[in-house]
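# Report on the structure
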Amino acid sequence: MNFEGLDPGLAEYAPAMHSALDPVLDAHLNPSLLQNVELDPEGVALEALPVQESVHIMEGVYSELHSVVAEVGVPVSVSHFDLHEEMLWVGSHGGHATSFFGPALERYSSFQVNGSDDIRQIQSLENGILFLTKNNLKYMARGGLIIFDYLLDESEDMHSLLLTDGSTLLVGGLQNHILEIDLNTVQETQKYAVETPGVTIMRQTNRFFFCGHTSGKVSLRDLRTFKVEHEFDAFSGSLSDFDVHGNLLAACGFSSRLTGLACDRFLKVYDLRMMRAITPLQVHVDPAFLRFIPTYTSRLAIISQSGQCQFCEPTGLANPADIFHVNPVGPLLMTFDVSASKQALAFGDSEGCVHLWTDSPEPSFNPYSRETEFALPCLVDSLPPLDWSQDLLPLSLIPVPLTTDTLLSDWPAANSAPAPRRAPPVDAEILRTMKKVGFIGYAPNPRTRLRNQIPYRLKESDSEFDSFSQVTESPIGREEEPHLHMVSKKYRKVTIKYSKLGLEDFDFKHYNKTLFAGLEPHIPNAYCNCMIQVLYFLEPVRCLIQNHLCQKEFCLACELGFLFHMLDLSRGDPCQGSNFLRAFRTIPEASALGLILADSDEASGKGSLARLIQRWNRFILTQLHQDMQELEVPQAYRGAGGSSFCSSGDSVIGQLFSCEMENCSLCRCGSETVRASSTLLFTLSYPEAGTSDKTGKNCDFAQVLKRSICLEQNTQAWCDNCEKYQPTIQTRNIRHLPEILVINCEVNSLKEADFWRMQAEVAFKMAIKKHGGEISKNKEFALADWKELGSPEGMLMCSSTEELKNVWLPFSIRMKMTKNKGLDVCNWTDGDEIQWGPARAEEEHGVYVYDLMATVVHILDSRTGGSLVAHIKVGETYHQRKEGVTHQQWYLFNDFLIEPIDKHEAVQFDMNWKVPAILYYVKRNLNSKYNLNIKNPIEASVLLAEASLARKQRKTHTTFIPLMLNEMPQVGDLVGLDAEFVTLNEVVDYLTQYSGIKPGDLDAKISSKHLTTLKSTYLKLRFLIDIGVKFVGHGLQKDFRVINLMVPKDQVLDTVYLFHMPRKRMISLRFLAWYFLDLKIQGETHDSIEDARTALQLYRKYLELSKNGTEPESFHKVLKGLYEKGRKMDWKVPEPEGQTSPKNAAVFSSVLAL
């Protein structure tokens, strides 16, 4: 409500007037209202104030039901009926909020919202109440707890708020803009400019936003763009209140007179169908508030500040007989509200009293209110005392609340473990003076502790014995499964926390202190990030993929090569595989295999990630093999001896991963069929569980791998000799071993997980015995056993003991092809090389050594749905390029978290939370066999003329001239760049004013523009980056991120940062162009060519003002003048008929002088 023209004494009201109130009653307070009312020392009433119990309420006629004191002597500033519960909220001029329950106005809660400013509007939500003060928006629970406290700018003077939907809020006041706030993120999302400042009242219908201004105008604004669609000039003085119902808008206010503002007794009524005024409605009271109360008819309630209330029809005549009187305690009514059910009216007066008028004896505030939660009453005082001296006193007399929930004492045994208090170490003085008699030691008491008392030292014992540095920071999920405590922090799923600056202030360096690049996980189907990293760190695969380029629009090999190039350029900053995953989603086979997940499934972990990544592994190798099968082999893949890296008709992927096999089927009739085939990977086949396995039978990984490669199984197959399906014995023999051995672990059930666990335990026992240690025969080891193993007597260090736990996988395996087409596989250690000789010499006899290069594991975590991480052994060439050193190191890759680890951690699998999924073994010295140079496949021809995708392109609309070969950009050339992006899945609004794109521009059938593909545009930009040009633009960082390009920082000249002061706002290109260049750009629509040209001119202006960067102090003064002018102009470029060029302004004169 606008308070202009009201009592001047209230306009100058200060909180100091009531800061020291005592229980003495105010002279204006009606004594009859305060009968049987207790006042606390601060003067606040403790009980509701019923007028008289014998008040008779006539059905259908509003009468006073109850009055209550909210805060004695402090005017009520706002009242609001709760939209979800049977409650009435009241705010005072002192910043205090009080709620009353039900028609009896029982006090429910009372708390301070603001210490100095008055509460100007209240809005109820499902989970709490919004309170608006002068420059503060506070969201509090109904009991008074703060949910959030959003502080606005100190210069703001807010008066009104409007909830547009469940999570969006509009806030307006005396300034010339309206803020849009997202209640989910508690961030300002939009700032809408208003031509007429002073928005004190806001309403909404399904057609318009209605804004009431202090100037007496009511503006109708579009629900989507907030543009003014129509405007009513209601009153010449000021607007007091208005309301909207159906097709009618009614307003009351003040008119200008010679003596000042006077209350206008004519209500202005407007027809929203024809957008014009209809006959004004003359009333018999001085209207200060009005509301539509539609019951049987659309009647209006008009309230004056003196307490008179009149009902009338908006299109009829006002009848003096329809006037009733509210009896305020104070001289003025300050607020008025109507309940959602229209059965109750609330009035607040200037003495802190609230009056409830209803049209029925038992009104309800809402049609469907939920139940209100009340504090449980304290029953302790009413219980009889119990005499504990009585031995026979039954404990059942102690009252226990009846509950159907599970009690804490019913905690299941599976979710708990005994944790006895560990004995403290024996005093050194006792050990020094102790004398042994047999196995018993005797020593005098050193008197350092109390006799028979040992103090508890819980914190010390926790720090000494507790190794849970990885315990979750949040208690969420701790009660679900005990193994979640064992998940190390670096293995947990990482997420990006966005702020109002997006990703700019997120500290990726906290998660990655290396120079290798991580991958962002927030993109759909980014579960494959770990496998992308594995393929990237395979040197032959990386070189092959980066040398590949074809004409297919959605080629996985091309997109993977572009992504590998970004990983090469990055110096620790994360990359995103959005273009690769976009191409991945277009392949029908990926969808058919179930590899494309919905966002909800990926977030909740509904699908089995282990199975998913193993299917993805098979799919990507097959797809890359097909994409490259018909292409010519690059020269980089010619061997050092001149032999080709692959044979004709096969791809390099096939030569690296493919294994040639013979599949033999033997029928029981004696007929044998042999077929040749090849596979790109193998799946582990585990032995059947037998009686011998229960005793801890040792089964090497090499034996299981040989069983899986040379698979033998009985199955039904077609026999040509018998001419029917017969039981056959199918065996598989190897002709040729691959360069890279890929293994899917297939640990998809409890049986396979138990097999890994049992083999790891057997391997651990054998390793301990090999080192001369003694261990317990039990499956679980006691603490004393571990201490013994770590002692010098155990001949094994504790660190080595930890490295042997949960290890079954060997770091190297040795494979040999026999003369009878058989295969020998065995585990290989560094000590075996001394016995058998170097691996290079062995290869001449068909013996190969494979080293473990990567393991992909599935992290089980029910809180986050689980995740996939990779352990990768990064080779010397990668360290040489990134860090300038030549060494090998194992790393953990968990999306954008990268951390060096010990090599034993890569093969340790605690099956409770860390399950192996994929293994990569690489032939030893593979990289040294080939010349793996990369030749950039992107040539200058990508910038030459190309055909447009538009079928009806008109030559007159061409806005560019293609470059010739002799006009190609060179190193250091400046290239102006501006880009706009539109997702073509479902375009709701092209936002032509900001994007410059009109409907039909992107339709190849009707567009007159030059249309090209995303891949073609990407290649042009990649070529410019590779030759070393410098890009000039405004806000290029987001453009490069959307198109998925990694540009070195020294090749980007962004005007948004050139003309920016630390800890200040970013300035728009339009304002910079007006201020420095005297240019008016982005007038009606957005033009990317104009923006790019303007950015180039601004960069030249920057060089001119900063003297090529040699005078930073003088340029700092220029920026100060820029920000001063921007604040004065509210960062808005004036209209052509408005202010003159900034070059004539006083602020800019100092700039020119500089």
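Residues numbered from 1 in each chain as written. Predicted model: local features only at pLDDT ≥ 70, side-chain atom pairs only at ≥ 80, totals over all residues. Heavy atoms only, no water.

Per an unreviewed UniProt entry, the chain goes by the name PAN2-PAN3 deadenylation complex catalytic subunit PAN2 and belongs to Leptonychotes weddellii. Taken verbatim from the UniProt record of the chain, the Subunit (unreviewed entry) comment is "Forms a heterotrimer with an asymmetric homodimer of the regulatory subunit PAN3 to form the poly(A)-nuclease (PAN) deadenylation complex. Interacts with ZFP36." The chain has a UniProt comment under Catalytic activity (unreviewed entry) that states "Exonucleolytic cleavage of poly(A) to 5'-AMP." (UniProt positions renumbered as here; feature names shortened; annotations may be inferred.)

### Remarks on the overall build of the chain
A tally of helices and strands in the chain yields 26 helices and 48 strands. Going through the 1154 residues of the chain one by one, you find that 47% of them count as buried. Put simply, of all contacts in the chain between residues at least 6 apart along the chain, 58% involve residues at least 24 apart. Within the structure as shown, the chain displays about 60,700 Å² of accessible surface, and the carbon and sulfur contribution to it stands at 52%. (Helix = DSSP H or I, 4+ residues; strand = E, 2+ residues; numbered from the N terminus. Buried < 20%, exposed > 50% of the residue type's maximum accessible area, 1.4 Å probe, protein only. Contact = heavy atoms within 4.5 Å. Areas by Shrake-Rupley, 256 points an atom, 1.4 Å probe, with all protein chains shown as cover.)

### Considering the packing of aromatic side chains
Counting across every chain of the model gives 49 aromatic pairs. Look at Tyr62 and Phe311: their rings are 5.5 Å apart centre to centre, the planes differ by 10 degrees, and that puts the pair in the stacked class. Remark: Phe311 occurs in strand β26 (residues 308-312) and Tyr62 occurs in the loop between α1 (8-11) and β1 (63-69); sequence separation between them is 249 residues. This pair shows no difference in class: Tyr62 is buried, exactly as Phe311 is. Feature note: the residues Phe1059, Phe1071, Trp1074, Tyr1075, Phe1076, Tyr1099, Tyr1102, Phe1115, Tyr1123 and Trp1131 constitute an aromatic cluster, connected by ring pairs. Just above the ring of Tyr878 sits the side chain of Arg881; from NZ or CZ to the centre is 4.7 Å. Over the face of the ring belonging to Phe811 we find Lys903, whose NZ or CZ atom lies 5.2 Å from the ring centre. (Phe/Tyr/Trp six-rings, centres within 6.5 Å; stacked < 30°, edge-to-face > 60°. Lys NZ or Arg CZ within 6 Å of the ring centre and 35° of its normal.)

### Topic: the pairing of strand β7 (residues 129-132)
Here β7 shows a buried face lined by Ile129 and Phe131 and a second buried face lined by Leu130 and Leu132. Pairing between strand β6 (residues 121-124) and β7: four bridges, direction antiparallel. Opposite Ser124, over in β7, you have Ile129 as the bridge partner. Examined bridge by bridge, β7 and strand β8 (residues 136-140) share four bridges and lie antiparallel to one another. When the bridges of β8 are listed, Leu130 appears paired with Tyr139. Counting the residues that bridge the hairpin from β7 to β8 gives three residues. (Pairing = 2+ DSSP bridges.)

### Brief notes about the sheet that holds β8
Strands sit in the order β6-β7-β8-β9 across an open sheet of four strands; the sheet is antiparallel. Where the open sheet ends on each side, the last strands, each with one partner, are β6 and β9 (146-151). Each strand axis lies, on average, 15 degrees off the axis of its neighbour in the sheet, ignoring direction. (Axes fitted to C-alpha atoms, helices over the stretch in contact; angles between N-to-C directions.)

### A look at helix α5 (residues 539-547)
A large share of α5 lies buried, amounting to nine of its nine residues. Listed as buried for α5 are Glu539, Pro540, Val541, Arg542, Cys543, Leu544, Ile545, Gln546 and Asn547. Taken together, the buried residues of α5 touch α4 (529-536), α6 (556-569), α10 (609-628), α11 (652-657), β38 (740-744) and α18 (876-883).

### Structural notes on the packing of α4 against α6
At a closest axis distance of 11 Å, the pairing of α4 and α6 adopts a crossing angle of 80 degrees. Put simply, α4 runs roughly perpendicular to α6. Here Ile532, Gln533, Leu535 and Tyr536 of α4 come into contact with α6, specifically with Leu560, Leu563, Phe564, Leu567 and Asp568. Split by residue class, the contact of α4 with α6 holds seven nonpolar, one polar and one charged. (Parallel < 35°, antiparallel > 145°, perpendicular 65-115°, else oblique. Nonpolar A, V, L, I, M, F, W, Y, C, P; charged D, E, K, R; others polar.)

### Things to note about helix α12 (residues 701-709)
Taken as a whole, α12 has its buried residues at Phe701, Ala702, Val704, Leu705, Ser708 and Ile709. On an axial view of α12, the arc spanned by its buried residues comes to 160 degrees, and they lie on one face. (Arc of directions from axis to C-beta.)

### What about the sheet that holds strand β12 (residues 177-182)?
Read across the sheet, four strands follow the order β10-β11-β12-β13 without closing on themselves; strand pairing throughout is antiparallel. Across the chains shown, the open sheet's two edge strands, defined by having one partner strand only, are β10 (158-163) and β13 (187-193). Taken pair by pair, the neighbouring strands of this sheet meet at an average axis angle of 25 degrees, ignoring direction. In this sheet, strand β11 (residues 168-173) lies alongside β10 in antiparallel orientation, the contact comprising five bridges. Of the residues in β11, the one forming a bridge with Leu161 is Val171.

### With respect to the pattern of salt bridges
Considering all chains together, one arrives at 27 salt bridges under this definition. Close ionic contact of Arg142 with Glu85 constitutes a salt bridge, the shortest N to O distance being 3.8 Å. Of this pair, Arg142 sits in the loop between β8 and β9 while Glu85 sits in the loop between β2 (76-81) and β3 (87-92), and the two are 57 residues apart along the sequence. On the basis of relative accessible area, Arg142 is assigned to the buried category, the value being 7%. Judged by relative accessible area, Glu85 falls into the buried class, the value being 6%. Close ionic contact of Arg120 with Asp118 constitutes a salt bridge, the shortest N to O distance being 3.4 Å. Looking at Asp118, the relative accessible area reads 15%, which means it is buried. Each of the salt bridges in this network shares a partner with another, and the network as a whole consists of Asp82, Glu85, Arg142 and Arg370. (Salt bridge = Lys/Arg side-chain N within 4 Å of Asp/Glu carboxyl O.)

### Points about the nonpolar core
If you look at the biggest cluster of nonpolar residues, it comprises 94 residues, and the most contacted ones within it are Tyr527, Ile613, Trp616, Phe657, Ile740, Tyr920 and Phe1031. In this structure, Val807, Leu823, Val857 and Leu897 belong to the second largest nonpolar core, which totals 55 residues. (Core = buried A, V, L, I, M, F, W, Y, C linked by side-chain atoms within 4.5 Å.)

### Some thoughts on the side chain of Glu559
Locating Glu559 in the fold gives a position in helix α6. Buried charge without a partner: Glu559 forms no salt bridge, and the closest opposite charge is Lys1015, 5.9 Å away. Contacts of Glu559, omitting those with residues within four sequence positions, involve Glu553, Asn579, Phe580 and Ala583. (Lys, Arg positive; Asp, Glu negative; His and termini not counted.)

### Looking at the packing of helix α23 (residues 1069-1077) against helix α25 (residues 1112-1128)
For the pair α23 and α25, the least separation of the axes is 12 Å and the interaxial angle reads 115 degrees. Both α23 and α25 take part in a crossing whose hand is right-handed. Where α23 abuts α25, its residues Phe1071, Leu1072, Trp1074, Tyr1075 and Phe1076 lie against Val1118, Gly1121, Leu1122, Lys1125 and Gly1126. Its residues placed into classes, the contact of α23 with α25 shows seven nonpolar, two polar and one charged. (Left-handed = near helix turned anticlockwise from the far one by under 90°.)

### What to know about the confidence of the model for the chain
Taken as a whole, the chain shows an average pLDDT of 79; of its residues, 78% reach a score of 70 or greater. Looking across the chain, the model is least confident in helix α26 (residues 1146-1153), with a mean pLDDT of 32, and most confident in β3, with 96. This stretch, residues 1-54, has a pLDDT under 50; its non-local contacts, to residues over four places away or in other chains, come to 83 contacts. Note that residues 691-695 has pLDDT below 50 and, in this model, three contacts with residues that lie over four places away or in other chains. (pLDDT = per-residue confidence, 0-100.)

### Remarks on unusual backbone geometry
Backbone geometry places Asn525, a non-glycine residue, at a positive phi of 65 degrees. With respect to the secondary-structure elements, Asn525 resides in the loop between α3 (458-465) and α4. We note that Arg1063 has phi near 60 degrees; this positive angle belongs to a residue other than glycine. In this structure, Arg1063 sits in the loop between α22 (1055-1058) and α23. Arg1063 gets classed as exposed once you look at its relative accessible area, which sits at 82%.

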